[in-house]
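The chain contents come next:
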Amino acid sequence: MRPLPTRLNIAALGELTPDVRPPIDPRSLQIGIVHLGIGAFHRAHQAAYTQRAMALSAESTWAICGASQRSRDVVDQLRPQDCLYTIVERDAAQSRYHVNAALRDVLFAAEETELLLRRISDETTHVVTLTVTEKGYRHDPAARRLRTADPEIRADADGRPPRTVVGQLVRGLQMRRRQGSGPITVVCCDNLTSNGATLRVLVDDFVGLLPKVERASMNAWIADHVAFPSTMVDRIVPGTTDDDLRDVAETIGFTDRGAVVTEPFSQWVVEAAFVAPRPRWELAGAVFTDDVRPYETMKLRLLNGAHSALAYLGLLAGYDYVADFVALDDVSNYVQALMDNDVTPTLDVPEDFDLVRYKHELVTRFANRTLRHRTTQISMDGSQKLPQRLLGTIRDQRREGVTPAFATLAVAAWMRFVSARADDAGRPLHVDDPLSARFTETLAHAISATQIVEAMLTIDEIFGADIAEDAELKAALIDDLDVLTRFGALAALRRALPA
């Protein structure tokens, strides 16, 4: 048995081939960005843009300190290798490997809270970015307000070392205000509608829980010193597998426990509303605009909405990977019909944007078999994702008197997933969702399709009163769920397609 290669680290950089070696020297960098939620997506997306921006601008003050929220795993992966990691871009033609050095520190927020707050408050930090997933904000996705009764939020507001993301952000801003460290921009990169404006509301809601003596001065300081630009991010980043790690080690010659695998495509649209210095991300391909909303809506409804539809229908049909499921002719036709018939009429497309090409590219990206993107990964936290990904499309179409057949089927598939918790062959499916216990309670006496739909529509923080009271939409959901239950996901999908 061959010994494992040496762990990737700064000392190893000189032994990497030029095409793999980072274009910047990590030893020369200064931290200017704090990132909350240092998962695979950030490392494959914003950190990649940041490295390219520093290399092209010759600015060395935009290195990143990343904070892991859920566990020490990322810290244990990256600290022993000086926070270096490999980005692998794969498509049918080739795989490309390059080491990223933009990340210069990583910490576990739950154990190093004080250090995280000091990083946010440091006068050399000018940007905080976030990718903590939708559920990480502890908000009501329908109302887009902080769940102020959440016990973790209350505990943070009452003064313990903060464990929630919004609590950490506000406490870090408070420390920054006390130290006079100057203005800062907070850049949300999660799939929330109007994510910057939404995060600003959540921050205001948290400040509203603070003692009165803290509240007024903090509100005024945030208004004058903090900006919350909205963004749209787009890149498919599946979970890294052991096979991926072995492939990276064989290719670069060093063991890399933090490698991430992604597709060549990447997009980042950012609202031009910063109050402090920032990296020159536009040199790396980011688009700065006065209005992110059209791009955001297109991405959430076309890419993310289709992804969720594929995940729930695919899981029910017994498919583990998106690419295997979408390879079926009927499934690719369903995705195209969802995008063309249901989503496109709801979009406000920028003049210079080629929507036809974008939709074609999406189907090609979904079918990329070199990315083993699991349907289970996409299915997680559906209660937090449906309002942005599918229910917005449905609401807009219902205002025009249309019942969008393909989006409605996707929501019914989610209801089947969380109620049956088994695929069409009877194999158990795991529901990973912050409202999982609520589903069990709500569905306790629901057996028929009618009972299940009526029970699920009572969950206000997902559906809101308008959808619950829409009799025509409710009837369509019941009909779809009945077909899904009796005949299976593929039969229901084929039934929805035009003759």
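On a predicted model such as this, the values are computed, not experimentally measured, just so you know.

About the thresholds
Residues numbered from 1 in each chain as written. Predicted model: local features only at pLDDT ≥ 70, side-chain atom pairs only at ≥ 80, totals over all residues. Heavy atoms only, no water. Pairing = 2+ DSSP bridges. Helix = DSSP H or I, 4+ residues; strand = E, 2+ residues; numbered from the N terminus. Axes fitted to C-alpha atoms, helices over the stretch in contact; angles between N-to-C directions. Phe/Tyr/Trp six-rings, centres within 6.5 Å; stacked < 30°, edge-to-face > 60°. Buried < 20%, exposed > 50% of the residue type's maximum accessible area, 1.4 Å probe, protein only. Lys NZ or Arg CZ within 6 Å of the ring centre and 35° of its normal.

Colleague: Just give me the short version of the sheet that holds strand 3 (residues 85-90), but keep the residues and values in it.
Modeller: Backbone hydrogen bonds are what pair the strands of a sheet, in a parallel or an antiparallel way. In space, the 3 strands of this open sheet follow the order 4-3-12, with mixed pairing throughout. One side of each edge strand has no neighbouring strand; the edge strands of this open sheet are strand 4 (95-100) and strand 12 (260-262). Across the sheet, the mean angle separating the axes of adjacent strands is 20° when strand polarity is ignored. Sheet topology note: the strand 3/strand 4 ladder contains 6 bridges and is antiparallel.

Colleague: Could you give an account of the packing of aromatic side chains, with specific residues and numbers?
Modeller: Taken as a whole and judged by the stated rule, the model has 11 aromatic pairs. Pairing tyrosine 295 with phenylalanine 353 gives two aromatic rings, centres 6.2 Å apart and planes at 85°, and the pair type is edge-to-face. One end of the pair, tyrosine 295, is in helix 10 (residues 293-317); the other, phenylalanine 353, is in the loop between helix 12 (329-343) and helix 13 (355-366), and 58 residues separate them in sequence. Judged by its relative accessible area of 12%, tyrosine 295 falls in the buried class. A network of ring pairs unites the aromatic residues Tyr49, Trp268, Phe274, Trp281 and Phe288 as a single cluster. The ring of phenylalanine 288 has arginine 278 lying over it, and the distance from NZ or CZ to the ring centre is 3.8 Å. The ring of tyrosine 321 is capped by arginine 372, whose NZ or CZ atom sits 3.9 Å from the centre of that ring.

Colleague: Give a description of the pairing of strand 3 that names residues and reports values.
Modeller: When you tally the buried positions in strand 3, you get 6 out of 6 residues, the bulk of the element. Residues Tyr85, Ile87 and Glu89 of strand 3 are buried on one face, and the alternating residues Thr86, Val88 and Arg90, pointing to the opposite face, are buried as well. Between strand 3 and strand 4, which pair antiparallel one after the other, the connecting turn spans 4 residues. By the bridge criterion, 3 bridges tie strand 3 to strand 12 in an arrangement that is parallel. Bridging from a neighbouring strand, glutamate 89 pairs with threonine 262 of strand 12.

Colleague: Give a description of unusual backbone geometry that names residues and reports values.
Modeller: At aspartate 82, a residue that is not glycine, the phi angle is positive and equals roughly 55°. Mapped onto the elements, aspartate 82 comes out in the loop between helix 3 (73-78) and strand 3. Exposure remark for aspartate 82: the relative accessible area of 31% places this residue in the partly exposed category. A positive phi angle, near 60°, is found at arginine 144, a position not held by glycine. Take arginine 144: it is sitting in the loop between strand 7 (139-140) and strand 8 (145-146).

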